[in-house]
Amino acid sequence: MDILKERILQEGRALSETVLKVDSFLNHGVDARLMYDIGTYFKEYYKNHGITKIFTIESSGIAPTVMTAMQMELPMVTLKKQSSKILNGDVYQTTVHSFTKGSDYELTLSKKYISPEDNILVIDDFLANGEAALGAIRLIEEAGAKVGGIGIVIEKSFQPGRAILDEKGYDVYSLARIGKLGKGIIEFI
Ligand code: 5GP
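Residues numbered from 1 in each chain as written. Predicted model: local features only at pLDDT ≥ 70, side-chain atom pairs only at ≥ 80, totals over all residues. Heavy atoms only, no water.

Caption draft 1: Representation of the overall build of the protein chain. A tally of regular secondary structure across the protein chain gives 6 helices and 10 strands. Computed over the C-alpha atoms, the radius of gyration of the protein chain is 16 Å, within 12% of the 16 Å expected from 2.2 N^0.38 for a compact globule of 189 residues. With respect to the principal axes defined by its C-alpha atoms, the protein chain has extents near 50 × 35 × 30 Å. Taken across its 189 residues, the protein chain has 49% of its residues classed as buried. Contacts in the protein chain between residues at least 24 apart in sequence constitute 63% of all its contacts with a sequence separation of at least 6. Only carbon and sulfur atoms are counted for the fraction: they give 49% of the accessible area of the protein chain, which is about 9300 Å². Placing the 22 positive and 25 negative side-chain charges of the protein chain at their respective mean positions leaves the two points 3 Å apart. (Helix = DSSP H or I, 4+ residues; strand = E, 2+ residues; numbered from the N terminus. Rg over C-alpha atoms; globule rule 2.2 N^0.38 Å. Buried < 20%, exposed > 50% of the residue type's maximum accessible area, 1.4 Å probe, protein only. Contact = heavy atoms within 4.5 Å. Areas by Shrake-Rupley, 256 points an atom, 1.4 Å probe, with all protein chains shown as cover. Lys, Arg positive; Asp, Glu negative; His and termini not counted. Charge placed at Lys NZ, Arg CZ, Asp CG, Glu CD.)

This is the structure we're talking about:
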């Protein structure tokens, strides 16, 4: 997606060889027009995949996902990064290691928002080691539903997430794929 790549080059900042900051349009400030265009790309790719619902992980996945859900006319569900206070069997929950925070969190989904007939598209802002996506996949599969695709806004292809998801056979579609990051360096593949 060329306009996304241009914005990454213009406004993105590599904080290290592994972390990219895109606070001006995705992670802090949100460019709604760009999010809408991102939704157009995800819709175009996944429109014939029989998707029934779109899941994302709070909070930076919400903006691109809501625009995709609107354009695909599908329900959207935000997976919560918190443990349920009443673990009474009404939720699916799994532990995920956060790439940016370096700590674990509980990813939680209410059983109300998924059924075994669902074919779910998971959308997230970044793909690094794949921990967040794999956590979402565990919740979906525990519910007996299918993972219809993984839509990623920015993939850091030099980290293991993409290869792990490919190897497991998931249909991953990333709008920008970064091959290299470094001081003053952002290279796409
Ligand atoms: P993973 O679970 O694939 O290791 O990391 C993906 C999650 O970590 C995303 O949900 C995103 O919030 C965060 N993340 C990973 N890498 C980056 C990065 O380079 N920049 C930012 N802003 N977030 C990242």
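Caption draft 2: A look at helix H1 (residues 2–11). Buried within H1 we find Leu-4, Arg-7 and Ile-8. Taken down its axis, H1 places every buried residue within 100 degrees of arc, on the same side. Away from its buried face by more than 90 degrees, H1 exposes Asp-2 and Gln-10. Summarising the contacts, the buried residues of H1 are in contact with strand S2 (20–21), helix H2 (23–27), helix H3 (32–46), strand S8 (146–156), strand S9 (172–182) and strand S10 (185–188). (Arc of directions from axis to C-beta.)

Caption draft 3: Region of the structure containing the pairing of S9. Where S8 meets S9, 6 bridges bridge the pair, whose relative direction is parallel. Pairing of Ile-154 across the sheet is with Ala-176, part of S9. Relative to S10, S9 is paired through 4 bridges, and the arrangement is antiparallel. Residue pairing in the sheet places Lys-180 in a bridge with Glu-187 of S10. Adjacent in sequence and paired antiparallel, S9 and S10 are bridged by 2 residues, among which Gly-184 carries a positive phi angle near 70 degrees. (Pairing = 2+ DSSP bridges.)

Caption draft 4: Representation of the site of the ligand. Every one of the 16 residues lining the ligand counts as a neighbour, but Leu-20, Asp-124, Asn-129, Gly-130 and Lys-156 are closest to it. Contact distances for the ligand include 3.2 Å between an oxygen atom and a side-chain N or O atom of Asp-125. Contact between the ligand and Glu-131: an oxygen atom at 3.1 Å from a main-chain N or O atom of the residue. Protein contact buries 89% of the 510 Å² of open area that the ligand shows by itself. Elements with a contribution of two residues or more to the shell around the ligand: strand S7 (119–127) and helix H5 (131–142). Looking at which element gives the most residues to the shell around the ligand, the answer is S7, with 4 residues. Its residues assigned to classes, the shell around the ligand comprises 7 nonpolar, 5 polar and 4 charged. (Near = heavy atom within 4 Å. Polar contact = N/O pair within 3.5 Å; in protein donor to acceptor, adjacent residues only side chain to side chain. Nonpolar A, V, L, I, M, F, W, Y, C, P; charged D, E, K, R; others polar.)

Caption draft 5: Broad picture of the UniProt feature "binding site: xanthine" (unreviewed entry) in the protein chain. With numbering aligned to this structure, UniProt lists the feature "binding site: xanthine" (unreviewed entry) at Leu-20, Asn-27 and Lys-156. Looking at the element boundaries, Leu-20 is found in strand S2. Beyond its immediate sequence surroundings of up to four residues, Leu-20 is in contact with Ile-8, Gly-12, Arg-13, Ala-14, Phe-126, Ile-154, Ile-178, Leu-181 and Ile-186. Tracing the sequence through the fold places Lys-156 in strand S8. We classify Lys-156 as buried; its relative accessible area is 3%. When neighbours within four sequence positions are excluded, Lys-156 is seen to be in contact with Thr-18, Val-19, Phe-99, Phe-126, Leu-127, Ala-128, Ile-178 and Leu-181. (UniProt positions renumbered as here; feature names shortened; annotations may be inferred.)

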